[in-house]
Amino acid sequence: MVLAGVVFALPNVLPKPWQDMLNAYTGLRPMTQGLDLQGGTSLLMELDGKELRETLIAQQVGDVRALLRHEAIGYAGLKRTADGVQVTFTEAAAADKAHGLLSRLTQPVTSVTGADVPTFELSRTGQQFSFRLSDPAMEIRTSEATDRALEVLNRRLDSLGISELSIQRQGLNRILIQLPGQGISDQAKRALGLTGIFAFQMICDNQPTDSAGQPPEDCAAYPLKVSSGQMIWVQTAGWAGVDGKYLTNSEAQTDPTTKEPIITFKFNEQGTQLFGELTAKNVGKPMAIVFDGQVVSAPRINEPILGGSVQISGHFTPEDANNLAIALRSGALPARLVYIDAANESAGSAPAKGSDL
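Residues numbered from 1 in each chain as written. Predicted model: local features only at pLDDT ≥ 70, side-chain atom pairs only at ≥ 80, totals over all residues. Heavy atoms only, no water.

Draft legend 1. Just a nonpolar patch on the surface, in detail. A cluster of nonpolar residues, Leu3, Val7 and Phe8, forms a patch on the protein surface that exposes about 340 Å² of accessible area. Structurally, Leu3 can be placed in helix α1 (residues 2–9). Look at Leu3 and you get exposed, because its relative accessible area is 66%. (Patch = residues over 30% accessible without salt bridge, like charges linked within 9 Å, V, L, I, M, F, W, Y side chains within 5 Å. Areas by Shrake-Rupley, 256 points an atom, 1.4 Å probe, with all protein chains shown as cover. Salt bridge = Lys/Arg side-chain N within 4 Å of Asp/Glu carboxyl O. Helix = DSSP H or I, 4+ residues; strand = E, 2+ residues; numbered from the N terminus. Buried < 20%, exposed > 50% of the residue type's maximum accessible area, 1.4 Å probe, protein only.)

Okay, here's the thing in structure tokens:
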């Protein structure tokens, strides 16, 4: 037993070249020290609940509008409220017809007890309907979103080549990443913080004359990445674009002609068909490439793109292009992650407060 103990402990006292040689032949390796012994980096991130709430409400507005248009039911007003959506009808007959249809949009989720909980509670007052985002459902949605964010971060850290890390969920909406013995670069922090929400979307016919203009009902305002303060109105209703869920791969490369960093994409079969139809239908029109709430490029469609492979340039730095490609390969986060705690720890040091990634 003493001899066995000596053999297993031996890698901890040998020089590094000998450790590698012993590991190659026997599989023995030194004991992995934690942050308290060898130092390292600890990142504590929290899912932005406010942004998740805003996303759910925005999706509900779109679902209500699409349903009423599909059923050809006219309405007087549709707006977001502090905790949900409100739709008003001018005629009682239209309100009665819509009642049963709108009840389908409560979007039930399953609680830990197995019971269905509506994401939105529907109420009616005369010819006005209100969807309210329920607190129990919001908690379930937050928990689900944190699990999804954990999976996305795992894939991103793998793509960055960071090894020997520990990543785990803490509480309802927090994720702790620990990297014993090494720091984490600013590039990696930025890559982790990108939501990765990406889409090819058509640009609205009307565009703002100044930054304070309000977009039409079926459009949303996005800032143009390369021009400070300039906004672009992008279509959001109906069949207006193809998003990142159809991507199978993305890579950061260098354009052989201009030598500028570019990003190349590959769509899956369904995405190839949808993107081909979208570009064929809109030849001669500009298309916005939206990433993380910014228009990174707005090229004109010169011809249908049918092969499923696309490349974009957006005045990227090599680091930006690589971060975007990693975020797209790993999938989109359900909401922004806020960097709330960091410690570059030599043993015994106290955590230092951080900021947004």
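Draft legend 2. View of the packing of aromatic side chains. Per the counting criterion, the structure on display carries six aromatic pairs. A ring pair is formed by Phe200 and Phe275, whose centres lie 4.8 Å apart and whose planes are at 55 degrees; its orientation type is tilted. Placement of the pair is Phe200 in strand β10 (residues 198–202) and Phe275 in helix α8 (residues 269–281), with a sequence separation of 75 residues. Both residues of the pair, Phe200 and Phe275, count as buried. An aromatic cluster is built from Phe200, Phe265, Phe267 and Phe275, whose rings are joined through pairwise contacts. (Phe/Tyr/Trp six-rings, centres within 6.5 Å; stacked < 30°, edge-to-face > 60°.)

Draft legend 3. Main features of the nonpolar core. Ranked by internal contacts, the top residues of the largest apolar core, which has 41 residues, are Leu68, Phe89, Leu102, Leu153 and Ile177. Of all the elements in the fold, those that place two or more residues in this core are β1 (40–47), α4 (49–70), β3 (84–88), α5 (92–102), β7 (128–133), α6 (135–159), β9 (174–180) and β19 (337–345). Phe200, Met202, Val242 and Phe267 belong to the second-largest nonpolar core, a separate cluster that totals 26 residues. (Core = buried A, V, L, I, M, F, W, Y, C linked by side-chain atoms within 4.5 Å.)

Draft legend 4. Up close: the pattern of salt bridges. Overall, the coordinates contain nine salt bridges when judged by the stated rule. Arg336 is paired through a salt bridge with Asp48; the nearest N and O atoms lie 2.6 Å apart. Residue Arg336 is found in the loop between α9 (318–330) and β19, and its partner Asp48 is found in the loop between β1 and α4; the two are separated by 288 residues along the sequence. On the accessibility criterion, Arg336 (27% relative accessible area) is partly exposed. Classification of Asp48 by relative accessible area gives buried; the value is 14%.

Draft legend 5. How the structure looks around the packing of α6 against α9. Where α6 contacts α9, the axes come no closer than 9 Å and their chain directions differ by 135 degrees. For the element pair α6 / α9, the angle class is oblique. Considering how the two elements wind past one another, α6 and α9 form a crossing that is right-handed. The segment α6 lies against α9, with Val152, Arg155, Arg156 and Ser159 engaging Ile326, Ala327, Arg329 and Ser330. (Axes fitted to C-alpha atoms, helices over the stretch in contact; angles between N-to-C directions. Parallel < 35°, antiparallel > 145°, perpendicular 65-115°, else oblique. Left-handed = near helix turned anticlockwise from the far one by under 90°. Contact = heavy atoms within 4.5 Å.)

Draft legend 6. Structural view of the environment of Gln86. Inspection of the secondary structure puts Gln86 in strand β3. Sequence separation of Gln86 and Ser130 is 44 residues, and the distance between their C-alpha atoms is 4.5 Å. Not counting chain neighbours up to four residues away, the residues in contact with Gln86 comprise Gly77, Leu78, Lys79, Thr81, Gln128, Phe129 and Ser130. In terms of polar contacts, Gln86 uses its side chain to reach the side chain of Gln128, at 3.4 Å. (Polar contact = N/O pair within 3.5 Å; in protein donor to acceptor, adjacent residues only side chain to side chain.)

Draft legend 7. Expanded view of the packing of α4 against α5. One can describe the packing of α4 onto α5 by two numbers: an axis separation of 11 Å at closest approach and a directional angle of 125 degrees. One way to sum up the angle between α4 and α5 is to call them oblique. For the pair α4 and α5, the crossing hand works out as right-handed. Contacts between α4 and α5 involve Val64, Leu67 and Leu68 from the first element and Ala98, Leu101 and Leu102 from the second. Here the contact of α4 with α5 is composed, by residue class, of six nonpolar, no polar and no charged. (Nonpolar A, V, L, I, M, F, W, Y, C, P; charged D, E, K, R; others polar.)

Draft legend 8. Summary view of the environment of Pro318. On the secondary structure map, Pro318 appears in helix α9. Judged by its relative accessible area of 60%, Pro318 falls in the exposed class. Pro318 sits 64 residues away from Thr254 along the chain, and the two C-alpha atoms are 8.5 Å apart.

Draft legend 9. Fine view of the pairing of strand β6 (residues 120–125). Where β6 and β7 come together, six bridges link them in antiparallel fashion. Bridge pairing in β7 places Arg124 opposite Phe129. Hairpin remark: β6 followed by β7, antiparallel, with two residues in the connecting loop; positive phi at Gly126, about 65 degrees. (Pairing = 2+ DSSP bridges.)

Draft legend 10. Representation of the sheet that holds β3 within the structure. Strands sit in the order β2-β3-β7-β6 across an open sheet of four strands; the sheet is antiparallel. The sheet is open, and its two edges are formed by β2 (77–81) and β6, each paired on a single side. With strand direction ignored, the average angle separating the axes of adjacent strands in the sheet is 15 degrees. Strand direction decides the pairing type here: β2 and β3, joined by five bridges, are antiparallel.

Draft legend 11. The arrangement of the state of the cysteines in detail. A full pass over the atoms with the stated rule returns one disulfide. Covalently, Cys204 is tied to Cys219 through a disulfide, its sulfur atoms 2.0 Å apart. Since a negative S-S torsion denotes a left-handed disulfide, the Cys204-Cys219 link at about -125 degrees is left-handed. On the criterion of sequence distance, the pair formed by Cys204 in the loop between β10 and β11 (219–223) and Cys219 in strand β11 is long-range, its members being 15 residues apart. Neither residue differs from the other here; Cys204 and Cys219 are each classed as buried. (Disulfide = S-S within 2.5 Å.)

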